[in-house]
Amino acid sequence: MTQQGIIARERLDGPAAVEAEGAFRVIYAEAFAEAPYNETADDVAAAFRRFPVQARRRGFSAVLARTPEGEPIGMGYGFPLRSDTVWWDELTEPVPADMRREDGRRTFGLMELAVRGPWRGQGVARGLHETLLEGIGAERVLLNVHPVSRAASAAYRAWGYRKVGEARPWGDGSDLHDVMLLDLR
């Protein structure tokens, strides 16, 4: 565990993350109930049907932030993109072949990064991000962010991400998201 003021950050592998699913669910449900996401209980249930499957992926890594009393306040998780990933296919405009080349190690897909409302603006997300990326061995990190989520978009840009395109990650009916890439080399 790493300390950030009074906040503890704990790295978790897949089995440990599944064991701590309740903490991830609390954070996710609160953070993504807000605009622009407006996720419902059904959306949260769907996300956590995918969670154990994602946690079994090779290279899955997660991090939880908690108060000294153990209250979960922030989380992040992801995994390396496989060579057969569809992530690049979801972009509205094609990107160069070299950018979309994946081998199961090159790109870490940051699936979720969220902090509950009362703890935002205190560096918790940055700490989670740094802890999550420590030692992942990837060349770069890829994520989707809703462009209306200005605070998240600004944080990612401040951390070195650049927009490489736009995508509808859950199909034609979903909102357009910015696809952002961070070069770790």
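Here, every reference points to the structure presented above.
Asker: I'd like a description of helix α2 (residues 21-33), backed by residues and values.
Answerer: With 13 residues, α2 should cover 18 Å at 1.5 Å per step; its first-to-last C-alpha distance of 18 Å lies within 8% of that length. Those residues of α2 lying buried are Glu21, Ala23, Phe24, Ile27, Tyr28, Ala31 and Phe32. Each buried residue of α2 sits inside an arc of 155° when the element is viewed along its axis, so together they form one side. Elements that come into contact with the buried residues of α2 comprise β2 (7-12), α1 (14-19), α3 (41-55), β3 (61-66), β4 (72-80) and β5 (107-115).

Asker: Requested: an account of the pattern of salt bridges, with residues and values cited.
Answerer: Applying the stated criterion to the full structure yields 16 salt bridges. Measuring nitrogen to oxygen at the nearest pair gives 3.6 Å for the salt bridge that ties Arg101 to Asp98. Look at Arg101 and you get partly exposed, because its relative accessible area is 38%. Notably, a salt bridge pairs Glu102 with Arg140, separated by 2.9 Å at the nearest N-O pair.

Asker: Tell me about the pairing of strand β8 (residues 177-183), residues and numbers included.
Answerer: Along β8, 6 of the 7 residues are buried, which leaves the element largely enclosed by surrounding structure. Examined bridge by bridge, strand β6 (residues 140-145) and β8 share 6 bridges and lie antiparallel to one another. Bridged to Val145 within β8 is Asp178. Pairing of strand β7 (residues 162-167) with β8 involves 5 bridges; the strand directions are antiparallel. Bridging across to β8, Arg162 finds its partner in Leu181.

Asker: Describe the environment of Arg9, and please don't skip the residues or the numbers.
Answerer: Here Arg9 is to be found in strand β2. Separated by 3.1 Å, the side chain of Arg9 and the backbone oxygen of Gly127 make a polar contact.

Asker: How would you sum up the environment of Ile7? Please name residues and give values.
Answerer: Structurally, Ile7 is set in strand β2. Spatially, the C-alpha atoms of Ile7 and Glu69 are 9.7 Å apart, while their sequence positions differ by 62 residues.

Asker: Explain helix α5 (residues 124-133) to me, using residue names and the numbers behind them.
Answerer: With 7 of 10 residues buried, α5 is to be regarded as a mostly interior element. Residues of α5 that are buried: Val124, Gly127, Leu128, His129, Thr131, Leu132 and Leu133. Gly135 lies just past α5 and shows a positive phi near 70°.

Rules and cut-offs
- Residues numbered from 1 in each chain as written.
- Predicted model: local features only at pLDDT ≥ 70, side-chain atom pairs only at ≥ 80, totals over all residues.
- Heavy atoms only, no water.
- Helix = DSSP H or I, 4+ residues; strand = E, 2+ residues; numbered from the N terminus.
- Expected span 1.5 Å × (residues − 1).
- Buried < 20%, exposed > 50% of the residue type's maximum accessible area, 1.4 Å probe, protein only.
- Arc of directions from axis to C-beta.
- Contact = heavy atoms within 4.5 Å.
- Salt bridge = Lys/Arg side-chain N within 4 Å of Asp/Glu carboxyl O.
- Pairing = 2+ DSSP bridges.
- Polar contact = N/O pair within 3.5 Å; in protein donor to acceptor, adjacent residues only side chain to side chain.

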